[in-house]
Amino acid sequence: MPLLKAEHLTTSFITPQGKVQAVRDVSFELNEGEVLGIVGESGSGKSQMMYTIMGLLADNGVIESGKITFDGEDISLLDFPDRKSYDRKMLEIRGNKIAMIFQDPMTFLNPVLKIETQLIEPLMNHTDMTREQARERALELMRLVGIPSPEKRIKQYPFEFSGGMRQRIIIAIALTCNPKLIIADEPTTALDVTIQAQVLELIDKLRKETNTAVIMITHDLGVVAKLCDRVAIMYGGKMVEVGTDREIFYQPAHPYTKGLLSCIAKSGADEKEEELKPIPGSPPDLLNPPKGCPFVDRCSKAMRVCKDVMPEVTSYTETHRARCWLNDPRAKGDE
Amino acid sequence: MENKTILKVSHLKTYFDVTKGILTRRQIVKAVDDVSFEVREGETLGIVGESGCGKSTLGRTIVKLYEPEAGTIEFEGKDISKLKGNELKAFRKNVQMIFQDPYASLNPRMTVGEIIMEPMIIHGIYKTAAEREARTVELLEIVGLKPDHIRRYPSEFSGGQRQRIGIARALAVNPRFIVCDEPISALDVSIQAQVINLLEKIQKEMNLSYLFIAHDLSMVRHISDRIGVMYLGHMMEIGPANDVFYRPLHPYTIALLSAIPISDPDTAKAKNRIILEGEIPSPINPPGGCPFASRCSKATERCFQQTPEPIQVGDRLVTCFLYEK
Ligand SMILES: Nc1ncnc2c1ncn2[C@@H]1O[C@H](COP(=O)(O)OP(=O)(O)OP(=O)(O)O)[C@@H](O)[C@H]1O
Ligand SMILES: Nc1ncnc2c1ncn2[C@@H]1O[C@H](COP(=O)(O)OP(=O)(O)OP(=O)(O)O)[C@@H](O)[C@H]1O
Ligand code: SF4
Ligand code: SF4
Ligand SMILES: [Mg+2]
Ligand SMILES: [Mg+2]
């Protein structure tokens, strides 16, 4: 049984301009100890999909459909008798089994509390540790995430830490509850490459040592290649392709995934100057997305059917699926 | 034949005094500290380095937004600190800057047309409004926007489109040299490639020179003829793009390149990276010696005492004692 199973998630936002269809019928699974990368353009619905799962949507967000099973429990809002019992459940899950790491560590750390308090409180809330034990564990966690002289550092405030150190503290806080799943939303985007490398190495080490599953939201394909077992590609609120790392990078099926891979300047061993092939145009407006394939306006392979009919899922292997008419026998000859 | 030098920067220093209070010791940020290089006509020099190493300060000093503490900047053979009157005006026209943030750098209350025409009016390049408008339409086409975008507002455009508006504005006065300060960092991967290709196309057509600042090393390698690597205000290594990228010499360049995530799962997962310990030291009152010494695995006693000078190694300059002959 997968650790996390999301089926037909659909989330919209009510705005004065109309309904923003941020997440449109997305389904996926995650196994224990697995690292899933979620890649996509800005605004493609990556964060809101995760907030939907975590029960953290903004007030104007509406979950229109979706079933979420985590660790054997149904945690879909729509299956709870009322909002209050759902919120209570999610509070418990977020504290104990799922931890989140955000892009900007300062939005998560309390600037007026010492690191000590921010680490010890969750430990004491989630376990029956005494203050002394919690402090010991906090120091141990700080060592684990690579903070030098933790005895001294634990007495400091967040502003006394650099960006990379703060992100390590967040990771240490995330680990206080021994989570089964860590959701990291662009955890290294604000960091320099050398610090990013430190943090990625740390996440990789932790998941190997603790068998924690990780969902890594990022737009950096290099981060995905380094860390992820499987990759999901999002576009215009839809999950357009999912597969193992090698399937996505070496046999991409969806024209958007292919386009994305040819937009990046390869930093491999080859010195030859390969041309960047940009994808023309820009992503669809989610207030009024195309009826059919979200990529249709930018796709060089688009057929007549693409504009009006949402493509079905085509399976290539056990693990590799894409939503595109190109490989669907029903769309043959439709030019 | 080698193209002629358009920009020559010699021993440039730009410092900021950030002393708080009157009785405390003076606190100086040495944002750019003794940097020298040249840019030739039609060439792109890429500048890379981690946050705070002085890239933007260098770019802003070149376009005269900051006054240097010491050193000289020559543009087309003239010391820019001595420019006056018409010469200064010509410099302000010939050297333009494109900014990092396509959201913050455009005035939201002006139409796209007004934004692009503003520098034309300031520099008095076209006599009539009709001429300005005709040129603006042309520029919109060059950067891949539509003529009817001229009356729309920046808020109606996506990030990539706004960056194109910024580029059109920089081109409005027919510059010779553009400082591009992270022009693609805020954009999506699929849009980055659009902007890079556009910048390359315009460069060929107008024989422009670029100082291209970024921290994405693979994009920089793609667009640059030469690359300079900065650390704590110093130029650590500078040379032909492929040499610096594929055969780095300076210990910092080697570590920096090793840290870039490679977009290929087999290579990325097999690769043993050099993980630099620690973080960049504070640029406030930096210690003497080699700026990289505190993180360098090759550092010796001497590196903490003495500051290395740039050493010529083939086509490259490397600021490290390891390359002394
Ligand atoms: N509170 C809100 N009200 C209205 N629209 C919203 C709200 N929050 C998000 N959206 C919209 O939902 C869509 C999906 O947003 P989401 O934050 O999931 O994007 P993302 O893929 O995480 O992008 P990024 O890479 O920029 O973080 C976007 O079009 C966004 O503008
Ligand atoms: N106006 C200023 N006053 C004081 N200090 C400044 C000023 N501008 C820059 N600095 C400092 O100078 C140093 C270099 O900054 P600069 O903005 O040039 O770095 P950068 O390489 O462009 O970094 P980034 O990649 O983050 O844009 C930093 O330590 C910065 O804090
Ligand atoms: S469904 Fe059609 S438009 Fe969409 S990606 Fe496939 S070919 Fe292109
Ligand atoms: S001079 Fe010394 S400390 Fe500096 S980079 Fe070279 S070996 Fe390292
Ligand atoms: Mg997001
Ligand atoms: Mg900068």
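By convention here, each chain's residues receive numbers from 1 onward along its written sequence. Written order determines the labels here, with chains lettered from A and ligands numbered from 1. Local features in this predicted model are restricted to residues whose pLDDT is 70 or higher, and side-chain atom pairs enter the listing and the counts only when it is 80 or higher, whereas totals over whole chains, interfaces and linings include all residues. Excluding hydrogens and water, the side-chain figures rest on all heavy atoms present in the structure.

Draft legend 1. Fine view of the site of ligand 2. Residues and elements named next belong to chain B. Here a residue is near a molecule or strand as soon as one of its heavy atoms is found within 4 Å of it. Close to ligand 2 lie 15 residues; Ser-51, Gly-52, Lys-55, Ser-56 and Thr-57 are nearest. At 2.8 Å, a backbone N or O of Gly-52 approaches an oxygen atom of ligand 2. Here an oxygen atom of ligand 2 sits 3.3 Å away from a polar atom, N or O, in the main chain of Cys-53. A total of 640 Å² of accessible area belongs to ligand 2 in isolation, and the protein chains cover 67% of it. Secondary structure elements follow DSSP: runs of H or I of four or more residues count as helices, runs of E of two or more count as strands, with numbering from the N terminus. Residue assignment for the shell around ligand 2 shows that the elements contributing at least two residues are strand E2 (28–40) and helix H1 (55–62). The greatest single-element share of the shell around ligand 2, amounting to three residues, is contributed by H1. Residues adjacent in sequence count toward polar contacts only when both atoms are side-chain atoms; beyond that, a polar contact is any pair of N or O atoms within 3.5 Å, and within protein one must be able to donate a hydrogen and the other to accept it. Note on areas: Shrake-Rupley with a 1.4 Å probe; residue coverage comes only from the protein chains shown.

Draft legend 2. Spatial organisation of the site of ligand 1. Residue and element names in this part refer to chain A. Not every one of the 16 residues close to ligand 1 is listed here, only the nearest: Ser-42, Gly-43, Lys-46, Ser-47 and Gln-48. Within the side chain of Ser-42, an N or O atom sits 2.6 Å from an oxygen atom of ligand 1. In this structure, an oxygen atom belonging to ligand 1 sits 2.8 Å away from a side-chain N or O atom of Lys-46. A total of 640 Å² of accessible area belongs to ligand 1 in isolation, and the protein chains cover 68% of it. Mapped by element, the contributors of at least two residues to the shell around ligand 1 are strand E1 (4–15), strand E2 (18–30) and helix H1 (46–54). The residue classification treats Ala, Val, Leu, Ile, Met, Phe, Trp, Tyr, Cys and Pro as nonpolar and Asp, Glu, Lys and Arg as charged. All others, Gly included, are polar. Of the residues that constitute the shell around ligand 1, the class distribution is five nonpolar, eight polar and three charged.

Draft legend 3. Just the interface of chain B and chain A, in detail. Contacts are residue-level and defined by heavy atoms, with any inter-residue pair within 4.5 Å sufficient. Contacts between chain B and chain A engage 38 residues on the former and 50 residues on the latter. The term buried area means the drop in 1.4 Å probe accessible area that two parts suffer when joined, counted for both and summed. Taking both sides of the interface into account, the surface hidden between chain B and chain A amounts to around 3700 Å²; carbon and sulfur atoms contribute 52%. Only one rule defines a salt bridge in this text: a Lys or Arg side-chain nitrogen within 4 Å of an Asp or Glu carboxyl oxygen. The interface formed by chain B and chain A holds two salt bridges in total. Here Asp-245 of chain A and Lys-269 of chain B are joined by a salt bridge, their closest N and O atoms 2.5 Å apart. Looking at the side of chain B that touches chain A, the elements with two or more residues in it are helix H6 (189–206), helix H7 (217–223), helix H8 (241–246), helix H9 (251–259) and helix H10 (265–270) of chain B.

Draft legend 4. Summary view of the sheet that holds E2 of chain B. All names here are of chain B. The sheet built from four strands is open, its strands ordered E2-E1-E4-E5 with antiparallel pairing. Looking at strand neighbours, the two that pair on one side only are E2 and strand E5 (78–79), the edges of this open sheet. Bridge count for strand E1 (residues 5–17) against strand E4 (residues 70–75) is five bridges, and the pairing is antiparallel. Directly across from Val-9, in E4, lies its bridge partner Ile-73. Strand contacts of H1: E1, E2 and E4, with the helix running at about 120° to E1, the strand carrying the most contacts. A pair of strands is treated as paired once DSSP finds two or more bridges between them. What counts as an axis is a line fitted to C-alpha atoms, over the stretch in contact for a helix, and the angles between N-to-C directions run from 0 to 180 degrees.

Draft legend 5. Representation of the nonpolar core in the model. With 132 residues, the main nonpolar core has Ile-171 of chain A together with Ile-167 of chain B as its most contacted residues. Setting aside its immediate chain neighbours within four residues, Ile-167 of chain B contacts Ile-98, Val-143, Val-195, Leu-198, Leu-199 and Ile-202 of chain B. What is meant by a nonpolar core is a set of buried Ala, Val, Leu, Ile, Met, Phe, Trp, Tyr and Cys residues, joined one to another through side-chain atoms within 4.5 Å. Only protein chains enter the area calculation, which uses a 1.4 Å probe; residues under 20% of their type maximum are buried, those over 50% are exposed, and those in between are partly exposed. Core analysis: the next-biggest nonpolar cluster, separate from the first, contains 39 residues, Val-26, Phe-70, Leu-77 and Phe-102 of chain A among them.

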